[in-house]
Amino acid sequence: MTPPPAAPGVTGEERPTPRFPGTGGQASRTPAAGFAATPAAPGVTGEESPAPRFPEAGRQAPRAPAAGAADVPPAPAEAAPSAHRTPQPAAVAPTAPVDDEQTPQPTTAAVIPAPRPSRPLRIGVIGGGPGGLYAAALLKRLGPERDITVWERNAPDDTFGFGVVLSDETLGGIEHADPVIYRALQDEFVRWDDIDIVHRGRTLTSGGHGFAALGRRRLLEILHGRCASLGVRLRFCTPAPPAAELAAAYDLVIAADGVHSLTRDAHADTFAPRITTHRCRYIWLAADFAFDAFRFEIAETAHGVMQLHGYPYAPDASTVIIEMREEVWRAAGFDTADEQESTDLCAKIFAEALGGRALRSNSSSWVAFRTVVNDRWSHGNTVLLGDAAHTAHFSIGSGTKLAVEDALALAACVEEQPDLPAALAAYETERRPVVESTQRAAAASLRWFEELAGYVEQPPRQFAFNLLTRSRRVTHDNLRLRDAAFTDAVERDFGCPPGTPPMFTPFTLRGLTLRNRVVVSPMDMYSAVNGVPGDFHLVHLGARALGGAGLVMTEMVCVSAEGRITPGCTGLYTPEQAAAWRRVTDFVHDHSPGTAIGVQLGHSGRKGSTKLMWDGIDQPLDEGNWRIAAASPIPYRPGVNQVPHALDRVGLSDIREQFAAATGRAAHCGFDLLELHCAHGYLLSGFLSPLTNGRTDAYGGSLDNRLRFPLEVFDAMRGVWPDDRPMTVRISATDWAQGGTTAEDAVEIARAFAAHGADAIDVSTGQVVPDEQPEYGRSYQTPYADRIRNALGVPVIAVGAISSWDDVNSLLLAGRADLCALARPHLYDPHWTLHAAADQDYAGAAALWPDPYRAGSRKPPAGRTDAPKPRLTLS
Ligand SMILES: Cc1cc2nc3c(=O)[nH]c(=O)nc-3n(C[C@H](O)[C@H](O)[C@H](O)COP(=O)(O)OP(=O)(O)OC[C@H]3O[C@@H](n4cnc5c(N)ncnc54)[C@H](O)[C@@H]3O)c2cc1C
Ligand SMILES: Cc1cc2nc3c(=O)[nH]c(=O)nc-3n(C[C@H](O)[C@H](O)[C@H](O)COP(=O)(O)O)c2cc1C
């Protein structure tokens, strides 16, 4: 069985820290007086410092900007470089923190970039959005000798859209890079703390989030003003010349021309853009009052579920975004409504949120969100920036933030690197991981809203918690830091006894009660001889059982010698094998009371007769290959793997009997739970997937037909397996390949097994075909588990890149999983569960240290750093 590659961000911080020029990679910033720390835009967390609260007031009304704050004048329609402009101190690096532009702080020679002739002097910027303008301002500030022109096809006051949210992290970067812009922005922000979730007539509030927003138009005015005062040439109402023309005339061309970038299209061969249009429709609108919190409101209408996202951006104005699935949008008549009709209808549907007030549009139209990804961000001297390079769904509020951060990084790289090619390469290297991480969070959030209708039946607090943690950046632990009262209430509703984290609440499947929610996921050890588990298996599984998990699963145990993947796989087809497995279950039950042990039974199908994992995964044996069988004669890798023979009726019936016989042995061995392996391209998975099942008999074709043999096997096993012991089924919920099993199919597959008596579905993905395109990331398979659970009400085991106990608690509490299986983390740490308990100060019955280990149940002290410190200062 192929272990999936390490997912990006699995083991640690999902969000690399953006770099700011001259700060050596870290922005350390003391919030200015009166400046609320803003740890996160909705769903965009990572900053753990909770925002200041407003205890007495209960809730902070959005604060008005300081009167007359901005001393940055709006720019004229075309602002030519001013003859009178105060020359900017070229020698002053934009290091932190420069308090006053007029009185630059002393800098050391080390941070003053030496002028280099290779640096771009003539710069053309296509697009006067936040990204293009900010890049122009910074590059001009860093090199006043530069000649910089920005082309913007719209008029300066033509801007569409309403409020933009910027995080504390981004503001910290702006503060260091250009204090003038920072000060102007700071004076404009409205700030607030709470998120309201309104669902089925109940409003639940979660505090401590900290937001700062301002109007997009005001942001652009500030940037126009700053560009003009620095001497950037702004050409409004002027489409940029073609990119190729600019590239010939300028040293550097910055394509900040937005989501529909023509520059990107002109060099599509190099940039290789991939654009995905999603299935919801949304519209940006505004209301002429300020919400006193970020508001998510769900409307269950006769046409389907719709949602409102609202947040203030001025003392008298809020952004309002309405979104819904396309079929709901059509059913509600929005597809034929004009701008005013749409605006009025939205106001009517969300009348309660708006207090009966009207909504306002500004060239607003319904759009389907487009995710933009480019393989490369530069072509010669032309570079993509902001929405032209990448987009992230608005629900995590990151579009403007990413564009501004891109501009910062680009300006810094141009300064730091010896030449332009190096600068553009460094810019992409620096920004890509940040952008990809944000795009992963945005994709999770986007999908969550696409599937919103599946969650509306959740209990109100669980629904709210689920919504808040949807992007996976906000977790149980950091939500607790922001608002412990809210998290406590969610835990109470979930049934956590006081002081018990969600992962240490028991869970019952049929007659088996697991003491906690952690499962050691099946892992093939390829260490058996003739299918007999040996000392290695006893020690391996015994150690994991002592490590505290609620359920320890064996590897895939094969039902016949031909059904093995490799010669090192275990089996349950001989009495000797059964006796050896009995030794393992006895050890677990005797020495780790409270831990259950389950067996996974399977048959390798077309992926059989291959080498041990470390000798060449999925590679045929050098010698001694056996004949392999499958649904259809389709080899795993043509020309590499054997062509399997398609099973006939007799073959099918033999294999069904082998599964039943192995089940009988498993019952006698004392296993507590039985899992049928229908995932990862092995025999039964090969029947389920349309890519591997080309049969024309009753076992191929429709999904019902493809399910027939796996269900026959399941029924035969269920008939032998003791009634009070649970059975689970592992499936690949998507093949990650065109024409393969989809998430929708997976729901139907799960429904069928549940109807036949499966007690839970263990939801994995992929490994069915070699040319799959998985979207790895933290907890990347859990949306598939989540979907099955919430569509069918069937318990699910989530698995895949779940590496922290915080993620386990979050998934459980949000109702996305009932149990969490972890594989590789248990190879790293057999005591994963006990250590998770220690980390959370939990010492209850759900994670008891074995008596002989109790002396080591506290984290060993870290040595000298823990020692008491002498007093060294007198103040
Ligand atoms: C209609 C709309 C409304 C939005 N409203 C909001 C909002 O209320 N809040 C929020 O946070 N985000 C909003 N966004 C998203 C947000 O604007 C972007 O994520 C963010 O502005 C990205 O900045 P950017 O500079 O990369 O691109 P943009 O802000 O899109 O700027 C690109 C600019 O390039 C100009 N341009 C394009 N091609 C040419 C050309 N050939 N010649 C000259 N000029 C050109 C465009 O007119 C545009 O001004 C909105 C987006 C759209 C499309
Ligand atoms: C060495 C190894 C062997 C595995 N063998 C099996 C197996 O026998 N049966 C199975 O269903 N999954 C098997 N898997 C997949 C894991 O159960 C799990 O689904 C996958 O590793 C993702 O979880 P993780 O990110 O926690 O590692 C194996 C994984 C690894 C790392």
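Look up a bit, the structure's there.
What comes next concerns the included structure. As the structure is a prediction and not an experimental result, all values here were calculated from the model.

**Quick word on the packing of aromatic side chains**
Per the stated rule, a full pass over the model turns up 27 aromatic pairs. For the ring pair W377 and Y427, a centre distance of 5.8 Å and an interplane angle of 55° mean the geometry is tilted. Of this pair, W377 sits in the loop between β16 (370-374) and β17 (378-379) while Y427 is found in helix α12 (residues 420-450), placing the two residues 50 residues apart along the sequence. There is no split in this pair, since W377 and Y427 are both buried.

**Side note on unusual backbone geometry**
One non-glycine residue with positive phi stands out, namely H680, at about 60°. Position of H680 relative to the elements: it lies in the loop between β26 (673-678) and α20 (683-688). Positive phi, normally seen in glycine, also occurs at S779, with a value near 55°. In this structure, S779 sits in the loop between β28 (760-764) and α23 (782-792). By relative accessible area, S779 is classed as buried at 2%.

**Details of the side chain of S395**
Secondary-structure assignment places S395 in the loop between β18 (382-384) and α11 (399-416). On the basis of relative accessible area, S395 is assigned to the buried category, the value being 1%. Here H393 takes part through its side chain, which lies 2.6 Å from a polar atom of the side chain of S395. At 2.6 Å, the side chain of S395 and the side chain of S445 are in polar contact.

**Describing the pattern of salt bridges**
As enumerated under the stated definition, the model contains 45 salt bridges in all. Between D178 and R226 there is a salt bridge; the shortest N-O distance is 3.0 Å. Residue D178 is located in the loop between α2 (168-177) and α3 (179-188), and its partner R226 is located in helix α4 (residues 216-230); the two are separated by 48 residues in the primary sequence. The exposure class assigned to R226 is buried, which follows from its relative accessible area of 5%. Bridged by salt links that share partners, the residues R279, R325, E327, E451, E744 and R787 form one connected network.

**Describing the nonpolar core**
As a rule of thumb, soluble globular proteins bury nonpolar side chains together. If you look at the biggest cluster of nonpolar residues, it comprises 88 residues, and the most contacted ones within it are L572, L601, L676 and F753. Among all residues touching L676, those that are not within four sequence positions of it are L601, F659, L684, P710, V713, F714, M717, T728, V729, R730 and F753. Counting 63 residues, the second-largest nonpolar core is a separate cluster that includes L139, V404, L420 and A423.

**Side note on the site of ligand 1**
Inspection of the region around ligand 1 gives 28 residues, with E152, F162, G163, R216 and D387 positioned closest. Within the side chain of R153, a nitrogen or oxygen atom sits 3.0 Å from an oxygen atom of ligand 1. In this structure, an oxygen atom belonging to ligand 1 sits 2.7 Å away from a main-chain N or O atom of F162. Relative to its free-state accessible area of 970 Å², ligand 1 is covered by the protein chains to the extent of 83%. The set of elements that each furnish at least two residues to the shell around ligand 1 consists of α1 (130-142), β3 (163-165) and α11. Considering every element that reaches the shell around ligand 1, the biggest residue donor is α11, with three residues. Among the residues making up the shell around ligand 1, the classes are represented as 11 nonpolar, 12 polar and five charged.

**Observations regarding the sheet that holds strand β23 (residues 596-602)**
In space, the eight strands of this closed barrel follow the order β21-β22-β23-β26-β27-β28-β29-β30, with parallel pairing throughout. With strand direction ignored, the average angle separating the axes of adjacent strands in the sheet is 25°. Most of the contacts of helix α16 (residues 535-546) go to strand β22 (residues 551-558), to which it runs at about 155°, and overall it touches β21 (518-520) and β22.

**What to know about the packing of α16 against helix α17 (residues 575-591)**
For any two helices packed against each other, the geometry is given by the interaxial angle and the distance between the axes. Closest axis-to-axis distance for the α16/α17 pair is 9 Å, and the angle between their directions is 25°. Comparing their axes, α17 and α16 come out roughly parallel. For α16 against α17, the interelement crossing comes out right-handed. On α17, the residues touching D535, L538, L541, G542, A545 and L546 of α16 are W581, R583, V584, F587, V588 and H591. Across the contact of α16 with α17, the residue classes tally to eight nonpolar, two polar and two charged.

**So, the environment of L652**
Relative to the assigned elements, L652 resides in helix α19 (residues 649-669). Between the alpha carbons of L652 and A629 there is a distance of 9.9 Å; along the sequence they are 23 residues apart.

Reading the values: rules and limits
- Residues numbered from 1 in each chain as written.
- Chains lettered and ligands numbered in written order.
- Predicted model: local features only at pLDDT ≥ 70, side-chain atom pairs only at ≥ 80, totals over all residues.
- Heavy atoms only, no water.
- Phe/Tyr/Trp six-rings, centres within 6.5 Å; stacked < 30°, edge-to-face > 60°.
- Helix = DSSP H or I, 4+ residues; strand = E, 2+ residues; numbered from the N terminus.
- Buried < 20%, exposed > 50% of the residue type's maximum accessible area, 1.4 Å probe, protein only.
- Polar contact = N/O pair within 3.5 Å; in protein donor to acceptor, adjacent residues only side chain to side chain.
- Salt bridge = Lys/Arg side-chain N within 4 Å of Asp/Glu carboxyl O.
- Core = buried A, V, L, I, M, F, W, Y, C linked by side-chain atoms within 4.5 Å.
- Contact = heavy atoms within 4.5 Å.
- Near = heavy atom within 4 Å.
- Areas by Shrake-Rupley, 256 points an atom, 1.4 Å probe, with all protein chains shown as cover.
- Nonpolar A, V, L, I, M, F, W, Y, C, P; charged D, E, K, R; others polar.
- Pairing = 2+ DSSP bridges.
- Axes fitted to C-alpha atoms, helices over the stretch in contact; angles between N-to-C directions.
- Parallel < 35°, antiparallel > 145°, perpendicular 65-115°, else oblique.
- Left-handed = near helix turned anticlockwise from the far one by under 90°.

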